[in-house]
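# Close look at the chain arrangement
Here is what each chain is made of, one letter per residue.
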Amino acid sequence: LKIREDAPGRAGIVVGDVSGHGIQSALLMASARASLRQRVSLPGSLSEIVADVNRQFCLDVRESGAFMTLFYLAVDSTRRSLRWVRAGHDPAIFFDPDTGTFEELAGKGSPLGVDEDVVFEEKEKKGMQRGQIVFVGTDGIWETADATGAMYGMDRFHRLAREQAGRGAEGISQAIRTDTELYRGTGPQTDDVTLVVAKLDPAQRAEPPEPPTASS
């Protein structure tokens, strides 16, 4: 879910994952999406927004025991900062191509639907530089399994992210999706795969690497 912010150079990105599969989970996701869209139109911090959405979600799942993880990232390219709230979701991954280092954007907060009074922690990272990248995804990426049951893993994800860092956000995302599909091969897809890539003022670099064409 991409959310338009109220100023130029700002954008909101939300990735969520509802427990279970099927129609019930899809309906809960649609309800949470509508609640979030309505709430972001009103004043409030990221943590307040997520807390309000959580209270509504708790009402929706009170009898079912379902829950939903969520990661809300706000990118401000003018102030060169990131703000985020993590509600039980896998941390987003921050990558600096200049140093080749990765950092998890973590934070405290339980999944939506568990406790209507939970307080969510809002975190901030300042000093973003041109070309730095943030990945927000679901665990269906690094937990993709091949025909033998071996998982794709975070090491392979990091290696591919380094190789593709010179490309634009869309190209990086497509390269990772292609590689996970090649890795899975004839293995079953057992979980949803969602990935959003955000790159700050992407620098133009000479002849970016091509997407991967074979699994290793």
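Scroll up a little and you will see the structure.
From a predicted model like this one, the values you see are computed outputs, not experimental measurements. (Residues numbered from 1 in each chain as written. Predicted model: local features only at pLDDT ≥ 70, side-chain atom pairs only at ≥ 80, totals over all residues. Heavy atoms only, no water.)

Counting secondary structure elements, the protein chain contains 4 helices and 9 strands. Going residue by residue from the N terminus, the α and β elements of the protein chain occur as β-β-α-α-β-β-β-β-β-β-α-α-β. By residue count, 44% of the 216 residues in the protein chain fall in the buried class. For the protein chain, long-range pairs separated by at least 24 residues make up 70% of all intrachain contacts whose partners lie at least 6 apart in sequence. (Helix = DSSP H or I, 4+ residues; strand = E, 2+ residues; numbered from the N terminus. Buried < 20%, exposed > 50% of the residue type's maximum accessible area, 1.4 Å probe, protein only. Contact = heavy atoms within 4.5 Å.)

Moving on, we get to the environment of A145. Within the secondary structure, A145 is located in the loop between β8 (133-137) and α3 (154-164). Accessibility expressed as a relative area gives 23% for A145, which makes it partly exposed. Other than its neighbours up to four places away in sequence, A145 contacts A150, M151, Y183, R184 and G187.

This brings us to the packing of aromatic side chains. Tallied over the entire structure, the rule returns 4 aromatic pairs. A ring pair is formed by W142 and F157, whose centres lie 5.3 Å apart and whose planes are at 85 degrees; its orientation type is edge-to-face. One end of the pair, W142, is in the loop between β8 and α3; the other, F157, is in helix α3, with 15 residues separating them in the sequence. Overall, the relative accessible area of 9% leaves W142 in the buried class. Among the residues examined, F157 registers a relative accessible area of 0% and is labelled buried. (Phe/Tyr/Trp six-rings, centres within 6.5 Å; stacked < 30°, edge-to-face > 60°.)

Moving on to helix α4 (residues 169-184). Residues separated by three or four positions in an α-helix point in the same direction, a consequence of the helix having 3.6 residues per turn. The terminal C-alpha atoms of α4, which comprises 16 residues, lie 23 Å apart, in line with the 22 Å expected from a rise of 1.5 Å per residue. For α4, the complete set of buried residues consists of G171, I172, S173, A175, I176, D179, T180, Y183 and R184. Buried residues along α4 sit in contact with β8, α3 and β9 (195-199). Positioned one or two residues after α4, G185 has a phi angle of 55 degrees, which is positive. (Expected span 1.5 Å × (residues − 1).)

Next up on the list: unusual backbone geometry. Backbone phi values are negative for most residues with the exception of glycine, while trans is the configuration of most peptide bonds. Positive phi, normally seen in glycine, also occurs at R80, with a value near 55 degrees. Among the secondary structure elements, R80 is positioned in the loop between β3 (68-76) and β4 (81-87).

Turning our eyes to something else, we now look at the nonpolar core. If you look at the biggest cluster of nonpolar residues, it comprises 22 residues, and the most contacted ones within it are V50, F57, M68, L70, Y72, L112 and F120. Residue assignment for this core shows that the elements contributing at least two residues are β2 (10-18), α1 (23-39), α2 (46-61), β3 and β4. For this core, the leading source of residues is α2, giving 7 residues. Not counting the four nearest positions on each side in its chain, F120 is found in contact with S47, V50, A51, N54, V85, R86, A87, K108, G109, S110 and L112. (Core = buried A, V, L, I, M, F, W, Y, C linked by side-chain atoms within 4.5 Å.)

Below, the discussion takes up the pattern of salt bridges. Evaluated as defined, the whole model comprises 8 salt bridges. The salt bridge partner of E122 is R83, with a shortest N-O separation of 3.4 Å. Of this pair, E122 sits in strand β7 (residues 122-126) while R83 sits in strand β4, placing them 39 residues apart in sequence. The exposure class of E122 is partly exposed, given its relative accessible area of 30%. We note a salt bridge from E103 to K125, for which the minimum N-O separation is 2.9 Å. Separated by 22 residues along the polypeptide, E103 in strand β6 (residues 101-105) and K125 in strand β7 bring together distant segments of the chain. (Salt bridge = Lys/Arg side-chain N within 4 Å of Asp/Glu carboxyl O.)

Distances and angles like these do not, on their own, reveal function.
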